[in-house]
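Residue-level structural notes
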Amino acid sequence: MNYSRGRRRNAAAIVRATCHTCGDVELTIEDVQVQFCVTTAQSTYSFVCPGCSLIVNKDANDAVVQSLTSAGARLVQWTMPAELDEPKTGPRISHDDLLEFHLLLESGEWERELAYRAANGY
Ligand SMILES: [Zn+2]
């Protein structure tokens with residue numbers, strides 16, 4: 001990943017990045033977002049590939065973060081969800097549980113089933 005200012009006056013910085021599928025692509029700095037996880041102190045950057053329209057997400061070291069944010073990339077801070085720290089009780093979810101849940105979603109009865117299970121201590 002590197003960037004340079006366009007030659008036109010007021011031109012946005014052009015970012016050259018690599019998509020896993022399309023290879024090297026060019027973006028404007030406004031197309032790039034930097035994410036900083038406060039919980040882990042890890043940074044990544046992401047963009048929607050102009051070739052395949054998939055989101056590309058890559059690790060970013062401090063130099064990449066500094067380079068992108070100083071060029072105008074949006075910086076988003078986030079934290080891991082608190083649910084990760086909650087104690088996990090009960091049996092693990094099995095493939096049968098997933099299949100049953102899938103069938104419930106298709107049947108449209110899942111809200112009633114969920115309420116029934118919650119009321120009966122499942
Ligand atoms: Zn692509």
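Keep in mind that this is a model prediction, so the values were computed, not measured. (Residues numbered from 1 in each chain as written. Predicted model: local features only at pLDDT ≥ 70, side-chain atom pairs only at ≥ 80, totals over all residues. Heavy atoms only, no water.)

1. Focus: the environment of Val56
Mapped onto the secondary structure, Val56 falls in strand 6 (residues 55-59). The class of Val56 is buried, set by a relative accessible area of 3%. Sequence separation of Val56 and Ser46 is 10 residues, and the distance between their C-alpha atoms is 5.3 Å. In this structure, Val56 is in contact with Thr18, Cys19, His20, Tyr45, Ser46, Phe47 and Cys49, ignoring residues within four places of it in sequence. (Helix = DSSP H or I, 4+ residues; strand = E, 2+ residues; numbered from the N terminus. Buried < 20%, exposed > 50% of the residue type's maximum accessible area, 1.4 Å probe, protein only. Contact = heavy atoms within 4.5 Å.)

2. Here's the deal with the domain arrangement of the protein chain
One widely used convention gives an interface's size as the accessible area the parts lose upon coming together. According to the domain assignment, the protein chain contains domain 1 (2-82) and domain 2 (90-119). The centre of domain 1, based on its C-alpha atoms, is set 39 Å off from the matching centre of domain 2. (Domains from an automatic or database assignment.)

3. Examining the coordination of the zinc ion
Protein coordination at the zinc ion: the donors are Cys19 (SG), Cys22 (SG), Cys49 (SG) and Cys52 (SG), at 2.3 to 2.4 Å from the metal. Coordination at the zinc ion is tetrahedral: its four donor atoms span angles of 106 to 115° at the metal. Accessibility expressed as a relative area gives 36% for Cys22, which makes it partly exposed. (Donors = N, O, S within 2.8 Å, 3.2 Å for Na, K, Ca; no water. Tetrahedral: all angles 85-135°; square planar, octahedral: opposite > 155°, others 65-115°.)

4. Describing the nonpolar core
Formed by 18 residues in total, the largest nonpolar core has its most connected members in Ile29, Val32, Tyr45, Phe47 and Leu68. Put simply, the parts of the chain that give this core at least two residues each are strand 2 (13-19), strand 3 (23-28), strand 5 (42-48) and helix 1 (62-71). With sequence-adjacent residues up to four places away left out, Phe47 is seen in contact with Ala17, Thr18, Val25, Leu27, Asp31, Val32, Leu54, Ile55 and Val56. (Core = buried A, V, L, I, M, F, W, Y, C linked by side-chain atoms within 4.5 Å.)

5. Description of the pairing of strand 2
Residues of strand 2 alternate between two faces, with Ala13, Val15, Ala17 and Cys19 buried on one and Ile14, Arg16 and Thr18 left unburied on the opposite face. Examined bridge by bridge, strand 2 and strand 3 share six bridges and lie antiparallel to one another. Bridging from a neighbouring strand, Val15 pairs with Leu27 of strand 3. Between strand 2 and the antiparallel strand that follows it, strand 3, lie three residues. (Pairing = 2+ DSSP bridges.)

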